[in-house]
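The lines below spell out each chain.
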Amino acid sequence: MEIVVSGIRPTGNLHLGNYFGAVKNFLQMQNEYNCFFFIADWHSLTTHPKPNDLSANVSKIMAEYLACGLDPDKAAIYVQSDVKEILELYLYLNMNAYLGELQRVTSFKDKARKQPDNVNAGLLTYPTLMAADIIIHKAQKVPVGRDQEQNMEITRRFARRFNMIYETDLFPEPESYTPAESVKVPGLDGSGKMGKSEGNAIYLIDDPETIRKKVMKAVTDSGPTQQNSEKPEVIENLFTLLKIVSSADTYEFFNEKYNSCAIRYGDLKKQLAEDIINFTEPIRDRILGIASDKEYMQRVANEGAEKARESASATMKEVRKLIGFK
Ligand code: ADP
Ligand code: TRP
């Protein structure tokens, strides 16, 4: 069975964009592949989180993913820092990672520009750590967003380089994996995409009142003046959200109203808010339930770490031998 690895940065809460973009892929993949999903807590150290925040963020994101349906019986779900083998591979890969190529990574350059007083070596070697995460399980597929493409190229290059240097075919070159049907969830503020940093996100953990408020504030226009006219982006965004969370009938109802210039955006937003709540409410309940069951969370993390360590330590035995450790 093909091997899949993906890492989740423990920053912030999951929003609808994350759900329909990333999480749904994971849910599908865990049924079809041998999956390793982990919380990338080492990666998050580049921004120097406070000690208490570090573990709280990890637990929070773990509870959210489990509540969405990531299944510890199907996939290895673990915390990166529980698998120390990754650090060893990170060290070896860094010995053949060159300053120039790491400095050329766009996200490094962006971060270095944004935070000039914290351009640390961890930030520079972020792609090396990511490569180690992936190839330590000999992954073939990595579900990631487009923004990770450069890190994936580096991962393939480092896998290839290791194979060349040690005359082996130990590491496959992993490909990025985004199923064709994955959707882009728009924001409610007229901007293209729902995102944490865009400040326009509806979170799975939002309570119904918060969701109603956010949806009612969504940007609209003064309404169509000609029958069957094309929808401007802000309106198209609302319809896209309807398509994602509402029934086909509801979508058609409002589409028809729009086409006949009889639409009342207030009604559409009210319906949209209720349909979003219907979707998020059961997930929210599960998040709260799972988050309060520390014992269950610990058991999941322990079992996941055990599976991940088994796979990682098998690879590392081969790596050490190839490098020349006797
Ligand atoms: P954000 O943009 O909120 O910071 P992240 O960059 O943490 O979100 O996103 C993690 C993953 O969630 C991405 O790899 C991407 O696949 C998915 N994702 C985020 N926002 C959206 C969106 N609006 N629509 C579809 N997928 C999204
Ligand atoms: N860099 C990824 C992100 O920012 C997170 C990540 C770390 C990752 N290690 C990984 C993703 C390994 C896929 C595979 O979203």
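Rules used throughout
Residues numbered from 1 in each chain as written. Chains lettered and ligands numbered in written order. Predicted model: local features only at pLDDT ≥ 70, side-chain atom pairs only at ≥ 80, totals over all residues. Heavy atoms only, no water. Core = buried A, V, L, I, M, F, W, Y, C linked by side-chain atoms within 4.5 Å. Buried < 20%, exposed > 50% of the residue type's maximum accessible area, 1.4 Å probe, protein only. Helix = DSSP H or I, 4+ residues; strand = E, 2+ residues; numbered from the N terminus. Domains from an automatic or database assignment. Contact = heavy atoms within 4.5 Å. Salt bridge = Lys/Arg side-chain N within 4 Å of Asp/Glu carboxyl O. Buried area = accessible area lost by both parts, 1.4 Å probe. Polar contact = N/O pair within 3.5 Å; in protein donor to acceptor, adjacent residues only side chain to side chain. Nonpolar A, V, L, I, M, F, W, Y, C, P; charged D, E, K, R; others polar. Near = heavy atom within 4 Å. Areas by Shrake-Rupley, 256 points an atom, 1.4 Å probe, with all protein chains shown as cover. Disulfide = S-S within 2.5 Å.

A.B. asks: Can you explain the nonpolar core? Please cite residues and give values.
C.D. replies: Counting 60 residues, the largest nonpolar core has F239 and L272 as its most contacted members. Top element by residues in this core is helix 13 (residues 265-292). It accounts for nine residues. Of the residues that make up this core, three or more belong to each of domain 1 (3-183 + 294-323) and domain 2 (208-287). If near-sequence neighbours (up to four positions away) are discounted, L272 is found in contact with V215, L238, L241, L242 and V245. Listed in part, the 42 residues of the second largest apolar core include I3, A97, A312 and M316.

A.B. asks: Residues and numbers for the side chain of T125, please.
C.D. replies: Looking at the secondary structure, you find T125 in the loop between helix 7 (121-124) and helix 8 (126-135). Leaving out residues up to four positions away in the same chain, T125 has contacts with Y90, N94 and L102.

A.B. asks: Can you break down the pattern of salt bridges residue by residue, with the values?
C.D. replies: What the rule picks out here adds up to 13 salt bridges. With a shortest N-O distance of 2.9 Å, E2 and K141 are connected by a salt bridge. With E2 in the segment before strand 1 (3-8) and K141 in strand 4 (residues 141-142), the pair connects residues that are 139 residues apart, well separated along the chain. Looking at E2, the relative accessible area reads 31%, which means it is partly exposed. K141 sits in the buried class, given a relative accessible area of 8%. Between D110 and R113 there is a salt bridge, with its nearest N and O atoms 3.4 Å apart. Taken together, the residues D110 and R113, both in helix 6 (residues 106-114) and three residues apart, mark about one turn of the helix. Looking at D110, the relative accessible area reads 29%, which means it is partly exposed. Residues joined by salt bridges that share partners form a network here, namely E2, K141 and E175.

A.B. asks: Before we move on, could you go through the domain arrangement of the chain and cite the residues and values that matter?
C.D. replies: Per the domain assignment, the segments making up the chain are domain 1 (3-183 + 294-323) and domain 2 (208-287). A straight line from the C-alpha centre of domain 1 to that of domain 2 covers 36 Å. Contacts between domain 1 and domain 2 engage eight residues on the former and seven residues on the latter. Summed over both partners, the interface of domain 1 with domain 2 comes to about 700 Å²; 85% of that surface belongs to carbon and sulfur atoms. Counting the surface domain 1 buries against domain 2, the share from its top three residues, L16, F20 and A67, is 64%. At the surface where domain 1 touches domain 2, the tally comes to zero salt bridges. Where domain 1 touches domain 2, the interface holds one residue pair in polar contact (both at pLDDT 80 or more). The set of elements that each furnish at least two residues to the side of domain 1 that touches domain 2 consists of helix 1 (16-32) and helix 3 (51-68). Of the residues forming the side of domain 1 that touches domain 2, the biggest block, four residues, is contributed by helix 3. Here the side of domain 1 that touches domain 2 is built from residues that sort into seven nonpolar, no polar and one charged.

A.B. asks: A description of the site of ligand 2 should follow, citing residues and the corresponding values.
C.D. replies: Neighbouring ligand 2 are 13 residues, the closest being G7, R9, Y126, D133 and Q148. Contact distances for ligand 2 include 2.6 Å between an oxygen atom and a side-chain N or O atom of R9. Between ligand 2 and D133, the relevant distance is 2.8 Å, taken from a nitrogen atom to a side-chain nitrogen or oxygen of the residue. With the chains in place, 93% of the 370 Å² that ligand 2 exposes on its own is no longer accessible. Counting residues per element, the ones that place at least two in the shell around ligand 2 are strand 1 and helix 8. If you tally residues by element for the shell around ligand 2, the top one is helix 8, at four residues.

A.B. asks: Help me get a handle on the state of the cysteines, residues and values and all.
C.D. replies: Applying the stated rule across the entire model yields zero disulfides. Just so you know, C68 is unpaired, no disulfide at all, and the nearest cysteine sulfur is the one on C35, 15 Å from it.

A.B. asks: I'd like to hear about the site of ligand 1, residue by residue, with values.
C.D. replies: In the vicinity of ligand 1 there are 14 residues, among which H15, V185, K193, M194 and K196 approach most closely. Contact between ligand 1 and V185: a nitrogen atom at 2.8 Å from a main-chain N or O atom of the residue. Relative to its unbound accessible area of 530 Å², ligand 1 is 77% covered by the protein chains. Considered class by class, the residues forming the shell around ligand 1 number four nonpolar, six polar and four charged.

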